[in-house]
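What the coordinates show
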Amino acid sequence: MTTFRRFLRKRFFPWKLVIVALIFITFVFLIQREVVGRDLQEEPWLKDIVDKRDAVLGMMMGAVNNFRDAMPKMQIKAPVRQHDTADSKPCLNGYYTAAELKPYLERPSQDPSAPGASGKAFPTDKLSPEEQKEKEKGEAKHCFNLFASDQISLSRDLGPDTRPPECIEQKVKRCPPLPTTSIIIVFHNEAWSTLLRTVYSVLHTSPAIFLKEIILVDDASVDDYLKEPLDDYVKQLHIVKVVRQKERKGLITARLLGAAVATGDVLTFLDAHCECFHGWLEPLLARIAENYTVVVSPDITTIDLNTFEFMKPSPYGQNHNRGNFDWGLSFGWESLPDHEKKRRKDETYPIKTPTFAGGLFSISKEYFYDIGSYDEKMEIWGGENIEMSFRVWQCGGQLEIIPCSVVGHVFRTKSPHTFPKGTQVIARNEVRLAEVWMDDYKEIFYRRNQQAAQMAKEKSFGDISQRLKLRQNLKCKNFSWYLKNVYPEGFLPDLIPLRFGAVKNMGKESCLDAGENNEGGKQLILYPCHGLGGNQYFEYSTHHEIRHNIQKELCLHATAEAVTLEECQFKGQNTHVTVEEKWELREDHLIVNPAANMCLAAKEEHPSLEPCNPADRFQKWTFI
């Protein structure tokens, strides 16, 4: 017994336990053989011993296992790597280097004295008679100075990077990795030089690692140079390809075709007469990498349609604009409200915009289809940008302008293209968006567009059931939410004004008319009544103004010298109607300005104020 105790005191204690356990198990095994060898039926008294034996054996095996687990782990196991999930993408820390951001195509060396070099203007004051004739021919077809464009290099540079320092110094994070993009450019009878300068501009300014392809979508052009010659030319550019629509279907259908064949993660849409400035692409892709439900537009600058001068950004920042809409559903620009200016700390901060122009923007391809792409039953062009603006905001996304991304665009004063089905397709498109997204506020639009109102009444705008289903499936918010949360600065006209329509003079049988391009500060005119709204649409508001609010909120403004249209002083909260803009409509059909105690009269070319005379038919007016 003493020897056994000395044995247990030795330092190899864990091994002692194992040896003792093995001796004991051997002993039990021998007993088992002896017992099992007998027939339990013949000797039932053994059954109780066997049951006890099994219980003891189970206890011993459990003890052995416990001893084994308690032993020190002498071998180190290999680590088990956690594999990335299917949705995650591996990425490196840090920032993309300049070498990684090399453009797809290096710009060739530039002659600083070449026409239009560094984005400078092409001189047009010393043209020969032949050159002037060529210039006029190009302007007639394309509505810009084609002669100037043709003299400028397709690969012209735009001079040094003049963006604000924070834009130039902004680094692009590797994580999350920036997505790839497909550039989609729709064209119809576009000039060769403007189309290819757009293509080269993308190639010279876009990092190769992000530029997947450039897709030129031909909307049934008829010019021969845009057919086989174009196909042959772009072969040398490798990642540029042309897809074609056999018949003219317009911008909306053409963009859907381009999106269908695109293979990039992001769709970037450009017009066919653009030039991209330094570093334009990375900020757009970086914002989408942060939030794929953001639809981003570059800060669009002007390429002069006559001289092709590129208006460069200022290094000191600039007074930015954002998109809006009027109640005739036209797109417009406005200055940033104070709260948006305060929110942005510097030029790298995006600008939230209620609407976007729709010509130049980037969107995640996945989100493009999730959110409903375009309304496929809209035709040709018109209203699609307002429709997408409402839809993105109401369905949980957001629209932003990225100031560090600058793209130049040739803004034409009129379109050189015809509409195969007439301009009524624009009204039809607008009715479709109003019926789907604007709820009861659509009536404000219909009062301003009689053609649209008639289409809505006749239900001649096509089937919108799929678009209404989309709105329901996406659980989109109503238009009241949009006005309150996205565009609270916008003026909301009376849903039910006291009077509305054309204002007809009984003596002259003519109507009040805003006149051409009257954005305020001009006198009204009198013009034969045409019943189409537009320049002859006025509302007598619940605040007793006479408003002409198609594109801008303009009011009849009374002065001693004349009656003019001026920007309305009542703009909603914290503003009031001035006495010059308050009118009373009397039962005897006189329109009186109480402050002047004078009446609106139509004896001359322009309406004026005269002492009130109920017998004078030239002072009697009625809304029709």
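In the block above lies the structure referred to throughout.
Residues numbered from 1 in each chain as written. Predicted model: local features only at pLDDT ≥ 70, side-chain atom pairs only at ≥ 80, totals over all residues. Heavy atoms only, no water.

1. A word on the nonpolar core
Formed by 54 residues in total, the largest nonpolar core has its most connected members in Phe325, Phe368, Phe390, Phe479 and Tyr482. Ranked by residue count, the leading element in this core is helix α14 (residues 424-437), at six residues. Those residues in contact with phenylalanine 325 that lie beyond four places of it in its chain are Ser330, Thr355, Ile386, Phe390, Phe479, Tyr482, Leu483 and Tyr487. By size, the runner-up hydrophobic cluster in this structure holds 39 residues, among which are Tyr96, Val202, Leu230 and Leu284. (Core = buried A, V, L, I, M, F, W, Y, C linked by side-chain atoms within 4.5 Å. Buried < 20%, exposed > 50% of the residue type's maximum accessible area, 1.4 Å probe, protein only. Helix = DSSP H or I, 4+ residues; strand = E, 2+ residues; numbered from the N terminus. Contact = heavy atoms within 4.5 Å.)

2. Some points on empty space enclosed by the protein
Enumeration according to the criterion identifies three cavities of 30 Å³ or more in this entry. Its volume calculated, the largest cavity comes out at about 60 Å³. As for the largest cavity, its lining consists of Arg163, Pro164, Asp299, Pro313, Ser314, Gly317, Gln318, His320, Glu347, Pro403 and Val406. Each residue belonging to the lining of the largest cavity can be placed in one class, and the counts come to four nonpolar, four polar and three charged. (1 Å grid on protein atoms, 1.4 Å probe; cavity = no way out; pocket = protein on both sides within 12 Å on 5 of 7 lines; lining within 4 Å. Points joined across faces, edges and corners; volume = space filled by probe spheres on them. Nonpolar A, V, L, I, M, F, W, Y, C, P; charged D, E, K, R; others polar.)

3. Quick notes on the sheet that holds strand β15 (residues 522-523)
The pairing of strands in a sheet happens through backbone hydrogen bonds and is either parallel or antiparallel. Strand order across the open sheet formed by six strands is β12-β17-β18-β19-β20-β15, with antiparallel pairing between neighbours. At either margin of the open sheet sits one strand with a lone partner, and together these are β12 (499-501) and β15. Where β12 lies against strand β17 (residues 538-540), three bridges are found, and the strand directions are antiparallel. Residue pairing in the sheet places phenylalanine 500 in a bridge with glutamate 539 of β17. (Pairing = 2+ DSSP bridges.)

4. Concerning the pattern of salt bridges
This model, assessed by the stated rule, comprises 33 salt bridges. Salt-bridge contacts for aspartate 375 lead to arginine 432; the nearest nitrogen and oxygen are separated by 2.8 Å. In this pair, aspartate 375 is assigned in the loop between α12 (365-370) and α13 (384-394) and arginine 432 in helix α14, connecting sequence segments 57 residues apart. (Salt bridge = Lys/Arg side-chain N within 4 Å of Asp/Glu carboxyl O.)

5. Looking at the environment of arginine 248
Note that arginine 248 resides in the loop between β3 (240-245) and α9 (251-261). Given the relative accessible area of 22%, arginine 248 is considered partly exposed. Spatially, the C-alpha atoms of arginine 248 and histidine 188 are 8.6 Å apart, while their sequence positions differ by 60 residues. For arginine 248, the residues in contact, after removing those within four places along its chain, are His188, Asp219, Ala220, Ile380, His417, Thr418 and Pro420.

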